[in-house]
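Now for the letters of each chain:
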Amino acid sequence: MDAQRDRTETLGELVQRFAAEQCDVIIEQWDALERRDADSVHPVRVAIRRLRATLRTFRRVYDREAGEAFAQELRWWGMLLGGVRDLQVLAERFSTAEDPREPRGRAEVYLATQLERELESAWRAVSEALTTERATALKEAVVRWREDPPFSERAGRPARRAGKRVKKAGRRVGKRLARVRAAVAANDPAAAELLHSARKAAKRHRYALELAAPVLGPRTEEEIERRRDLQDALGAHQDAVVAAEFLVRLDLGGESPEVAFALGELTEATRRQADDVRSPLDAAQE
């Protein structure tokens, strides 16, 4: 962005440029989701998260009622796609690498079969949703928000005002991490949930930094990278939580003792990782 645009761009223009990019991704990938293209799920989910984060962090730029309604529909769509994405991540985590003749290998084959079955069910839910009036209305809403968003009067303020919202989002990350540390010190079982909340706050701050980068200082890229590192550290823990929940609900009644034992060992190791809040918190280095 040139210096002249830095001086003349409004807050609404700055925010909307970022929001419109996310709308573009959702629209461009819509047909791919209808085809059950596995590669379309992740970019759409990221776009939805970025868009929802923008509607939250910069909510005063838009009409409040319209923004809340749009965010709610995006949340619905994101949760449906999340059912598919979580299983895709689990499939990568438990990918078959062992000899299928050995107990661990047979356990991995069993997991792959279970994941395939659940993934089909999750895709079916997405496909059915795509045929509903609600999905059609959401797609139309995404197009409207890309082309003619409902701005509020605050949208006309100078773009540099975005910095205040970015700083507030950053302070929120620090506060949530402090709560996690306090919970860990007190052996509070809520620490894992608080860690997940801190991770979400870190994502929102990173997205706000990316949005406002054109009007922020020269060290913005470094701060974005720090937030990305924090997400990675906390994200590994959340992946373990999801994996543990999947493993615990498996029915092993029809499996051989050897396979059941191998799966039990995997479940226990995964649960230990999910229960370990201190390690990802230390890795965060915040």
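It should be noted that the structure appears before, not after, this text.
Computed from a prediction, not measured in an experiment: that's the story for all the values here.

This brings us to the pattern of salt bridges. Per the counting criterion, the structure on display carries 14 salt bridges. Linking Glu 73 and Arg 134 is a salt bridge whose minimum nitrogen-to-oxygen distance equals 2.8 Å. Here Glu 73, found in helix H5 (residues 64-93), pairs with Arg 134, found in helix H7 (residues 133-147); they are 61 residues apart in sequence, far enough to count as distant. Using a relative accessible area of 23% as the deciding quantity, one classes Glu 73 as partly exposed. What makes Arg 134 partly exposed here is its relative accessible area of 37%. Via salt bridges that share partners, Arg 50, Arg 206, Glu 210, Glu 225 and Arg 228 belong to a single interconnected network.

Moving on, we get to unusual backbone geometry. One non-glycine residue, Arg 36, adopts positive backbone phi at about 60°. With respect to the helices and strands, Arg 36 occurs in the loop between helix H3 (30-34) and helix H4 (38-57). Taking relative accessible area as the criterion, Arg 36 reaches 30% and is therefore assigned partly exposed. Phi angles above zero are rare outside glycine, and Asn 187 is one such case at about 55°.

This part takes up the layout of surface pockets. Put simply, the largest pocket is a space of about 1600 Å³. Taken together, 43 residues make up the lining of the largest pocket; nearest its centre are Arg 45, Arg 49, Arg 52, Lys 200 and Lys 203. When residues of the lining of the largest pocket are traced back to their parent elements, those giving at least two are H4, H5, helix H9 (191-212) and helix H10 (220-248). No other element matches the 15 residues that H5 contributes to the lining of the largest pocket. If you trace the second largest pocket, you find it lined by Leu 11, Thr 57, Phe 58, Arg 59, Arg 60, Val 61, Arg 154, Arg 157, Arg 161, Lys 164 and Arg 165.

A few words now on the nonpolar core. Formed by 62 residues in total, the largest nonpolar core has its most connected members in Ile 26, Phe 70, Trp 77, Phe 94 and Leu 111. Grouped together as the second largest cluster of nonpolar side chains are 14 residues, Val 180, Ala 183, Leu 230 and Val 277 included.

With that settled, consider the packing of H9 against H10. One can describe the packing of H9 onto H10 by two numbers: an axis separation of 9 Å at closest approach and a directional angle of 155°. Judged on the interaxial angle alone, H10 and H9 are roughly antiparallel. For the pair H9 and H10, the sense of crossing is left-handed. Contacts between H9 and H10 involve Ala 192, Leu 195, His 196, Ala 198, Arg 199, Ala 202, Lys 203, His 205, Arg 206, Leu 209 and Glu 210 from the former and Thr 220, Glu 223, Ile 224, Arg 227, Arg 228, Leu 230, Gln 231, Leu 234, Gly 235, His 237 and Gln 238 from the latter.

Next up on the list: the packing of aromatic side chains. By convention here, two paired aromatic rings are described through the distance between centres and the angle between planes. Taken as a whole, this structure holds six aromatic pairs when the rule is applied. Taking 5.6 Å as the distance between ring centres and 10° as the angle between the ring planes, the aromatic pair formed by Tyr 62 and Phe 151 counts as stacked. Placement of the pair is Tyr 62 in the loop between H4 and H5 and Phe 151 in the loop between H7 and helix H8 (162-185), with a sequence separation of 89 residues. A relative accessible area of 3% places Tyr 62 in the buried class. Judged by centre distance (4.7 Å) and plane angle (15°), the rings of Phe 70 and Trp 145 are stacked. Separated by 75 residues along the polypeptide, Phe 70 in helix H5 and Trp 145 in helix H7 bring together distant segments of the chain. For the pair Phe 70 and Trp 145, a shared accessibility class is recorded, and that class is buried. A connected cluster of aromatic rings, assembled from ring pairs, spans Tyr 62, Phe 70, Trp 145 and Phe 151.

We now examine the side chain of Thr 267. Relative to the elements of secondary structure, Thr 267 occurs in helix H11 (residues 257-275). Residue class for Thr 267 comes out buried when judged on its relative accessible area of 13%.

On the secondary structure map, Thr 131 appears in the loop between helix H6 (103-130) and H7. The spatial distance from the C-alpha of Thr 131 to the C-alpha of Ala 269 is 41 Å, given a sequence separation of 138 residues. Of note is the side chain of Thr 131, whose polar atom sits 2.6 Å from the backbone oxygen of Glu 128.

Analysis parameters
- Residues numbered from 1 in each chain as written.
- Predicted model: local features only at pLDDT ≥ 70, side-chain atom pairs only at ≥ 80, totals over all residues.
- Heavy atoms only, no water.
- Salt bridge = Lys/Arg side-chain N within 4 Å of Asp/Glu carboxyl O.
- Helix = DSSP H or I, 4+ residues; strand = E, 2+ residues; numbered from the N terminus.
- Buried < 20%, exposed > 50% of the residue type's maximum accessible area, 1.4 Å probe, protein only.
- 1 Å grid on protein atoms, 1.4 Å probe; cavity = no way out; pocket = protein on both sides within 12 Å on 5 of 7 lines; lining within 4 Å.
- Points joined across faces, edges and corners; volume = space filled by probe spheres on them.
- Core = buried A, V, L, I, M, F, W, Y, C linked by side-chain atoms within 4.5 Å.
- Axes fitted to C-alpha atoms, helices over the stretch in contact; angles between N-to-C directions.
- Parallel < 35°, antiparallel > 145°, perpendicular 65-115°, else oblique.
- Left-handed = near helix turned anticlockwise from the far one by under 90°.
- Contact = heavy atoms within 4.5 Å.
- Phe/Tyr/Trp six-rings, centres within 6.5 Å; stacked < 30°, edge-to-face > 60°.
- Polar contact = N/O pair within 3.5 Å; in protein donor to acceptor, adjacent residues only side chain to side chain.

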